Amino acid sequence: CRTEDLVEWMHVASRFHVETLRLLCEYCLHRRVTVHNSFDLLSKATAARASGLRSCCAHFVLCHYEELAAGDKDRALLTALLAAGRDAAATSPSK
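Small disclaimer: the values here were computed from a predicted structure and weren't measured.

Asks: I would appreciate a short explanation of unusual backbone geometry in the present structure.
Replies: Negative phi values dominate among residues other than glycine, just as trans dominates among peptide bonds. The residue His17 is not glycine, and still its phi comes out positive at about 55°. Of note, His17 is situated in the loop between α1 (3-15) and α2 (19-30). Classification of His17 by relative accessible area gives exposed; the value is 67%. Even without being glycine, Arg49 reaches a positive phi, approximately 55°.

Asks: Is there a simple way to think about the packing of α1 against α2 in this case?
Replies: Geometrically, a packed helix pair is captured by the angle between its two axes and the distance between the axes. Where α1 contacts α2, the axes come no closer than 8 Å and their chain directions differ by 150°. It follows that α1 is roughly antiparallel to α2 by the angle criterion. Two packed elements cross with a definite hand, and for α1 against α2 that hand is left-handed. Residues Thr3, Leu6, Val7, Trp9, Met10, Ala13 and Ser14 of α1 form the contact with α2, whose participating residues are Leu21, Arg22, Cys25, Glu26, Cys28 and Leu29. Of the residues in the contact of α1 with α2, the class split is 9 nonpolar, 2 polar and 2 charged.

Asks: Is there a simple way to explain the side chain of Asn37 in this structure?
Replies: Its place among the elements puts Asn37 in the loop between α2 and α3 (38-47). At 2.9 Å, the side chain of Asn37 forms a polar contact with the backbone oxygen of Arg32.

Asks: I'm lost on α2 in this one. Help?
Replies: Helical geometry note: an α-helix holds 3.6 residues per turn, so side chains three or four residues apart project in the same direction. With 12 residues, α2 should reach 16 Å at 1.5 Å per residue; the first-to-last C-alpha distance of 16 Å fits that figure. Among the residues making up α2, those that are buried are Arg22, Cys25, Glu26 and Leu29. End-on, the buried residues of α2 take up no more than an arc of 105°, which puts them together on one face. Here the buried face of α2 lies against α1, α3 and α4 (51-63).

Asks: Sorry if this is basic, but what is going on with the environment of Ser38 here?
Replies: Within the secondary structure layout, Ser38 lies in helix α3. Judged by relative accessible area, which is 0%, Ser38 ranks as buried. Here Ser38 is in contact with Val33, Cys57, Phe60, Val61 and Leu68, once residues within four sequence places are set aside.

Asks: Where do I start with the packing of α1 against α3 in this structure?
Replies: The interhelical angle for the contact between α1 and α3, taken along N-to-C directions, is 20°, at an axis separation of 9 Å. Comparing their axes, α3 and α1 come out roughly parallel. The hand of the α1/α3 crossing is left-handed. For the pair formed by α1 and α3, the contact residues are Thr3, Val7, Met10 and His11 on the first element and Leu41, Lys44, Ala45 and Ala47 on the second. When its residues are assigned to classes, the contact of α1 with α3 shows 5 nonpolar, 2 polar and 1 charged.

Rules of the game
- Residues numbered from 1 in each chain as written.
- Predicted model: local features only at pLDDT ≥ 70, side-chain atom pairs only at ≥ 80, totals over all residues.
- Heavy atoms only, no water.
- Helix = DSSP H or I, 4+ residues; strand = E, 2+ residues; numbered from the N terminus.
- Buried < 20%, exposed > 50% of the residue type's maximum accessible area, 1.4 Å probe, protein only.
- Axes fitted to C-alpha atoms, helices over the stretch in contact; angles between N-to-C directions.
- Parallel < 35°, antiparallel > 145°, perpendicular 65-115°, else oblique.
- Left-handed = near helix turned anticlockwise from the far one by under 90°.
- Contact = heavy atoms within 4.5 Å.
- Nonpolar A, V, L, I, M, F, W, Y, C, P; charged D, E, K, R; others polar.
- Polar contact = N/O pair within 3.5 Å; in protein donor to acceptor, adjacent residues only side chain to side chain.
- Expected span 1.5 Å × (residues − 1).
- Arc of directions from axis to C-beta.

Now the structure itself:
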């Protein structure tokens, strides 16, 4: 299955509240996070309310930021990542 197909199924599952399918897509996508797709998947995981995949991608981006930063001269990627983390923290339930 292509990564793009998994992302689409994850969005459909999220939209129609099919939790098992959404979690399965998240699980499969965890294994496909790369330097080339990590920020895109982070954005899509956030849109699909896929918190596990979002956390995985955010961690990957932070761990590989030096590789990703080559094209991030104005730090827009880092700024967006930090904003996404702040927004996720603001919307997550308190423990």
